[in-house]
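What the coordinates show
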Amino acid sequence: MIVSVLLSRVSFIHVVISSSTVGVANLGSTNPNIDVDRRQLMASSRVVRQATSSILQTDPTLAGPLLRLAFHDGATREQLSDDLDNLAFVGGPNGSIKYELDWTENRGITRPLQAVEEIYSNMDGVSLADCIALAGAEAVEFAGGPSIRIRLGRRDATEADSKKRMRTLHSDTDRSLVDTTLPSAGLDSDGLRLYFGALGLSDEQFVALCGAHDLGRHVTLLGMPKSCLKTLTRECLEAAPVLMPFVSEDPDGFSNTYFKKLIKWNDRKVKLGEVAFIPTDVDLVVDSELRKYVTKFAKNKAAFFSSFTSAYQTIVDAGATSVGRY
């Protein structure tokens, strides 16, 4: 096993991280800014990242699905109270995605989840949620994106998160209703602001996060057997014979090409088959306030990478307990 080999390479470090103490600051230390198990956290992070990279070297098409897995595990988090002195949250990032494979939004998640679960099965004590977040970050870097360090110490859930939000969000536009914990592909720009704002992201950050669509592919009905077209079961969607990249140019690479193609689409200059955007993609250029960030990222890859990094950290670091990032 790839992961077992990697573990043996770092056998000089005893990687035992209790789920109750992962990343918790040393309360007995005179310096509360240092994690109790910093060396163990660094070693554990390194093993997960190296194992993910090894898997991607064998199958680079997993980069997009691994990033999507991390987002879908983390984005189900919901704040239940506006009281700053008594904040309460439910949901991810907590590994609950393993119980949510029957959700329509999670079609195509099984393959990357199995890859991360293989890594997790060879780790001693580190949470599945930590492994998912680390694998997503490593997938971005492997595909040519920024190096993203994240906090650790998430607790794994024992059941699915709620598919429906407890607090519904909406504005006065027809497609702004946010009533699910994962975003609808039909949301308008107001709906996107409400959804991602509830996760703590600014407009610039969530536009950057949408740049994840530069990487990977989505399910299509092309070539699907008639029996599947009648039912569209999870098994049929997982085994869809034709996957379509959002951006056909280098779908396994991470860059700012997505934003360049959005501008090209808005100018009606894209060719057939060049892109396969969904409504939430084109929202970013139809809305003039969001379009300025699309233009910024299309011109400046470094700015995109910086904003994407902060957005990813905001999503996956929720619920993590370590002081440092690894």
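Here we summarise the structure given alongside this text. (Residues numbered from 1 in each chain as written. Predicted model: local features only at pLDDT ≥ 70, side-chain atom pairs only at ≥ 80, totals over all residues. Heavy atoms only, no water.)

1. Topic: the side chain of D317
- Its place among the elements puts D317 in the segment after helix 13 (301–316).
- With relative accessibility at 9%, the residue D317 sits in the buried group.
- At a separation of 3.0 Å, a polar atom in the side chain of D317 contacts the main-chain amide nitrogen of R151. (Helix = DSSP H or I, 4+ residues; strand = E, 2+ residues; numbered from the N terminus. Buried < 20%, exposed > 50% of the residue type's maximum accessible area, 1.4 Å probe, protein only. Polar contact = N/O pair within 3.5 Å; in protein donor to acceptor, adjacent residues only side chain to side chain.)

2. What to know about the pattern of salt bridges
- Taken as a whole and assessed by the stated rule, the structure comprises 19 salt bridges.
- The closest approach of N and O atoms between D179 and K164, which form a salt bridge, is 3.6 Å. Placement of D179 in strand 4 (residues 178–180) and of K164 in strand 3 (residues 164–169) is noted, with a sequence separation of 15 residues between them.
- You can call K164 partly exposed: its relative accessible area is 48%.
- Across the pair D283 and R175 runs a salt bridge, and its minimum N-O distance is 3.9 Å. Taken together, the residues span a long stretch of sequence, with D283 in helix 11 (residues 279–286) and R175 in the loop between strand 3 and strand 4 at a distance of 108 residues.
- Residue D283 is classed as buried on the basis of its relative accessible area of 7%.
- Residue R175 is classed as partly exposed on the basis of its relative accessible area of 41%.
- By sharing partners, the salt bridges in this structure join D130, R151, R154, D317 and R325 into a single network. (Salt bridge = Lys/Arg side-chain N within 4 Å of Asp/Glu carboxyl O.)

3. Things to note about the packing of helix 6 (residues 189–198) against helix 7 (residues 203–210)
- The geometry of helix 6 relative to helix 7 is characterised by a closest axis approach of 10 Å and an angle of 100° between their N-to-C directions. In terms of axis orientation, helix 6 runs roughly perpendicular to helix 7. From helix 6, L192, R193 and F196 reach across to helix 7, where they touch D203, F206 and L209.
- Of the residues assigned to the contact of helix 6 with helix 7, the class counts are four nonpolar, no polar and two charged. (Axes fitted to C-alpha atoms, helices over the stretch in contact; angles between N-to-C directions. Parallel < 35°, antiparallel > 145°, perpendicular 65-115°, else oblique. Contact = heavy atoms within 4.5 Å. Nonpolar A, V, L, I, M, F, W, Y, C, P; charged D, E, K, R; others polar.)

4. Here we look at the packing of aromatic side chains
- Tallied over the full model, the rule gives 14 aromatic pairs.
- For the pair Y258 and F259, a centre-to-centre distance of 5.1 Å together with 80° between the ring planes defines the contact as edge-to-face. Take Y258 and F259: they sit in the same class, and that class is buried.
- Each ring, one from F297 and one from F304, has its centre 5.8 Å from the other, and the planes form 50°; the classification is tilted.
- Geometry around W265 places R268 over its ring, the cationic atom sitting 4.9 Å from the centre. (Phe/Tyr/Trp six-rings, centres within 6.5 Å; stacked < 30°, edge-to-face > 60°. Lys NZ or Arg CZ within 6 Å of the ring centre and 35° of its normal.)

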